[in-house]
Amino acid sequence: MTKNLELTKWVDEVAALCKPDSVHWATGTEEEYQDMLNIMLDAGLATKLDEKKKPGCYLFRSHPSDVARAEMRTFIASRKEEDAGPTNNWIDPVELKATMTKLYDGCMSGRVMYVIPFSMGPIGSPIAKIGVEISDSPYVMINMRIMTRIGTAVLEALGENGEFVRCLHSVGKPLAAGEKDDGWPCVPNVAEKYISHFPEERMIWSFGSGYGGNALLGKKCFALRIAGVQARDEGWLAEHMLIMKLTSPEGKSYYITGAFPSACGKTNLAMLEPTIPGWKVETIGDDIAWMKFGEDGRLYAINPEAGFFGVIPGTSMQSNPNAVKQTLSNSIYTNAGLTDDNDVWWEGSGLPAPDHLIDWKGNDWTPESGEPAAHANARFTTPAAQCPVIAPEWEDPAGVPISAILIGGRRQATIPLVNESTDWNHGIFLGSIMGSEITTADITDKVGQVRRDPFAMLPFMGYHMGDYLQHWINIGKKTDADKLPKIYFVNWFRKDEEGKFMWPGFGDNSRVIKWIIERLSGDAKAETTAIGNLPLPDAIDISGLDITLADMEKLLTVDKEAWLAEIESIRENYLSYGNRLPAELAAELDKLQARLNEM
Ligand code: O2Y
Ligand code: MN
């Protein structure tokens, strides 16, 4: 228990409203973790995988309505609508609280209410922050134990007067006397799920979903949307970025962060196996970076998480050998296929499809079934410490000094393989125009158009996107220009006229990162172009690759007409920010247009 009166008062209030059968304060011990798993095994909600093949691993199947982040049901309930901005769903906080209070009334009856104190970041780090999640889901509890640091040690760090972010979660499925769960509990109607953020109160209310980012509230809800608001007010950065460490053959190490939209291979990049001899990559984080200024004026990053919640389909020894090794033990699998010998299988695993398995919906499956065995957003939850290439300093409370920031999206044309920003504001401009082409998978009539996703934060913004970009500009004014990380716009996804990817990607992305590191130390060649500094075609090491210098030239051209069209689309996007568009970015856009017109 705790002596923090704010916390006990809030827990009492929530218990009075939600009316659980009992309240359990998480201690974070291994024994408690096993107890939770046993509860779910007994209830038939979990399957223990074969202990020899996958020691300490379990499979869960969610409800078909509850398989991914519910973006349309994610709300930023700032006091003023204009503060949520054009990219967020807004509901008046008074109205939203009234609606949700009715939903919460009695919603935990028949269940245990878990109080989960958690630290985002190493406990006690000056960059870390504390949250408390109240949830009626033991699945949430075990996942939070992997994804964050939970329990008694966090309460001690919180002390009597420490501040914490209130995170309230319910699956929204009360149980009548004697009733048992019949499968994954949630509210099946998506329109009745709520993932709500009250930024001024640093508070999150989630109702109706038990899955991923909707329910593990430390991740996207706290570490990006609420922490983003805290970062704006306190002068730091809470970003949707991986953190990696690169060591050159000479033994010099650099830390870089990288912002990429969801489904662009961020986890793969964070732990890639370099294909160039002598270079080493180690991982600090695969999804979120919190960056604060150190006393030396540089930005230092921590990974606020303690685990990875990675996409399962497509993860293989070819795409990400380290993730495959990391998830062999002590991991939770959600919505993968279950083989007859109690192992998991998924599409893109690189392993032959078994003749029979139980698919993610719990049905018999054969290769002829015509449906995927694993859901496209099936996930593993796995401890970061198990990553074979985790950097020894990944939990350094001081964080690691960042030398470069990568930004990128999925673009078939226009955006070159790599483009170095010329200064901080130019880098923020490039971050503001990031995006991916809309594909048929997005089910819209806008296929082929670019969805702008500034710094890959579109789904994770806790306030007005224009104010967010202004915050990035302001960060640049807080220190000397030479202490700021350099920003690089990369694009692994350029295609040729036949629709074939022009760059091999995966481990070969290390070749581009090598050029970036060489630029930082002043050893690599670049030419200044209208859009930024591009490598000369022979500056990137392509030895051993089936790529010619002519291919490299194509990957590194500035297509004037395509960029002029891009400018029109950026202007349209910028218009949506109204008077909150930073003047510095409007000026960058005009300067780019003038430079292109001079070409
Ligand atoms: O679908 C979800 O609930 C998870 S989404 C996710 C999970 C881990 C890392 N990144 C993401 C994302 O959407 O960016
Ligand atoms: Mn992510």
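Figured I'd write up the structure that's included with this text. (Residues numbered from 1 in each chain as written. Chains lettered and ligands numbered in written order. Predicted model: local features only at pLDDT ≥ 70, side-chain atom pairs only at ≥ 80, totals over all residues. Heavy atoms only, no water.)

**Describing the overall build of the chain**
Inference 1: The helix and strand tally for the chain stands at 16 helices and 30 strands.
Inference 2: For 599 residues, the compact-globule estimate of 2.2 N^0.38 gives 25 Å, and the C-alpha radius of gyration of the chain, at 24 Å, lies within 12% of that figure.
Inference 3: A principal-axis box enclosing the C-alpha atoms of the chain has dimensions of 75 × 55 × 50 Å.
Inference 4: Counting over 599 residues, the chain shows a buried share of 59%.
Inference 5: Pairs at least 24 apart in sequence give 73% of the contacts found in the chain among residues at least 6 apart. (Helix = DSSP H or I, 4+ residues; strand = E, 2+ residues; numbered from the N terminus. Rg over C-alpha atoms; globule rule 2.2 N^0.38 Å. Buried < 20%, exposed > 50% of the residue type's maximum accessible area, 1.4 Å probe, protein only. Contact = heavy atoms within 4.5 Å.)

**What about the packing of aromatic side chains?**
Inference 1: Evaluation of the coordinates by the stated rule reveals 22 aromatic pairs.
Inference 2: Ring centres of tryptophan 345 and tryptophan 365 lie 5.6 Å apart, and the angle between their planes is 35°; this geometry places the pair in the tilted category. Of this pair, tryptophan 345 sits in strand β20 (residues 344-345) while tryptophan 365 sits in strand β22 (residues 364-365), and the two are 20 residues apart along the sequence.
Inference 3: Note on tryptophan 345: relative accessible area 9%, which makes it buried.
Inference 4: What makes tryptophan 365 buried here is its relative accessible area of 5%.
Inference 5: Ring centres 5.8 Å apart and planes at 35° place the aromatic pair tryptophan 424 and tryptophan 472 in the tilted group. (Phe/Tyr/Trp six-rings, centres within 6.5 Å; stacked < 30°, edge-to-face > 60°.)

**Considerations on the sheet that holds strand β2 (residues 46-48)**
Inference 1: Read from one edge of the open sheet, 5 strands run β2-β3-β18-β23-β17, paired in mixed fashion. The open sheet has two edge strands with one neighbour each: β2 and β17 (307-311). Neighbour to neighbour, the strand axes of the sheet diverge by 20° on average, direction disregarded.
Inference 2: As paired elements, β17 and strand β23 (residues 379-383) share 5 bridges and run antiparallel to each other. Opposite glycine 307, over in β23, you have proline 383 as the bridge partner. (Pairing = 2+ DSSP bridges. Axes fitted to C-alpha atoms, helices over the stretch in contact; angles between N-to-C directions.)

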